[in-house]
Amino acid sequence: MSTEQQVQRFREIHGALRAEIAKVIVGQEAIVENTLTAIFAGGHVLLEGVPGLGKTLLVRTLGEVLDLSFNRIQFTPDLMPADILGTNIVMETPGGRREFQFQRGPIFAHLILADEINRATPKTQSAMLEAMQEKSVTAGGEIRRLSEPFFVLATQNPIDQEGTYPLPEAQLDRFFFKLLVDYPTGAELTEVLTRTTEGIVTSAGKVMNRETLMELQKLVRQVPVASHVKDYAVRLAQATHPKTPTATAIANQYLRFGSSPRGAQTLLLAGKVRALTHGRFHVSFDDVAAVAHPALRHRLILNFEAEAEGVTTDQIVTQILQEVPREAPATKT
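Here's a quick rundown of the structure. Remember, predicted model here, so these are calculated numbers, not experimental data.

**Some remarks on empty space enclosed by the protein**
The final tally for this structure, using the stated rule, is 1 cavity of 30 Å³ or more. Each pocket or cavity is described by its volume, and for the largest cavity that value is around 50 Å³. For the largest cavity, the full set of lining residues is Ile25, Gln28, Ile31, Leu53, Gly54, Lys55, Leu58 and Val181. Of the residues belonging to the lining of the largest cavity, the class tally is 5 nonpolar, 2 polar and 1 charged.

Below, the structure is given as structure tokens:
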């Protein structure tokens, strides 16, 4: 299959996925687009929004259209690591002997919905770290590999902070994207009411299986990135590091820490997916800039001045995109 045919096939499958999801999810096009981008890039997603905006429904619908095994974990303060990973239990063999057998937890699935992840204790949250980064879990004294592909789509409520445990920076950094789910428009809310109060049954069909998804993930990695575009991603990440020669003025003023190297990786991988969805087999400056907010917003640590003045990481990313030139300035000889 030629490169052009592969790109066209990617676009067709991507379009079919969006069409099937739209049968269930009203509006939220940017959220759906970015979630699919993360999945094709092999990354995890953190969805933040107030209750009732369809975050859980979106993840359940993704499990339907992708034909992957799906488990939901409802995070609560009393949830223990063994409730997620699994544990050894005593089983009686046919010969009458007793032995330990490992009972797998809900983490052993392709698609995990971590609902209200910030309601679990740090001890339980840490159980997700190894799974998200290494695609394996250590339980019962053994390292057990998780099935590929493996995705965590977590939700959190930004309003009710009573009884919650904010995610540590190390865990936030393992999320490919952080997406902010907003309220629907008037027209979208009208459509939601029509679908949910008049007995209309909607469902999404299977579009893609595990093998096809992994094949398209490999295609994403093969998309070339020109050196000047890669340099732009590097300069964007470096511009977020306060008190360094590459920092922008707004980073020096409002940030304690900037993006990790994973932020730059995310810019390029997400840019590759966006290039394919637009029918191109190369990454442009626009591709990198378009994914900067979901890629960097959760990787910037605000200082006290920013919190006191109500400055958000999105505002800082917007300013950095305006200040960092796309072409590297010429070096003086």
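**A short note on the packing of helix α1 (residues 3-22) against helix α8 (residues 210-222)**
At a closest axis distance of 11 Å, the pairing of α1 and α8 adopts a crossing angle of 125 degrees. In terms of orientation, α1 lies oblique with respect to α8. When the axes of α1 and α8 are compared, the crossing they make is left-handed. Contacts between α1 and α8 pair Gln6, Arg9, Phe10 and Ile13 from the former with Thr212, Glu215, Leu216, Leu219 and Val220 from the latter. Its residues assigned to classes, the contact of α1 with α8 comprises 5 nonpolar, 2 polar and 2 charged.

The rules behind these values
- Residues numbered from 1 in each chain as written.
- Predicted model: local features only at pLDDT ≥ 70, side-chain atom pairs only at ≥ 80, totals over all residues.
- Heavy atoms only, no water.
- 1 Å grid on protein atoms, 1.4 Å probe; cavity = no way out; pocket = protein on both sides within 12 Å on 5 of 7 lines; lining within 4 Å.
- Points joined across faces, edges and corners; volume = space filled by probe spheres on them.
- Nonpolar A, V, L, I, M, F, W, Y, C, P; charged D, E, K, R; others polar.
- Axes fitted to C-alpha atoms, helices over the stretch in contact; angles between N-to-C directions.
- Helix = DSSP H or I, 4+ residues; strand = E, 2+ residues; numbered from the N terminus.
- Parallel < 35°, antiparallel > 145°, perpendicular 65-115°, else oblique.
- Left-handed = near helix turned anticlockwise from the far one by under 90°.
- Contact = heavy atoms within 4.5 Å.

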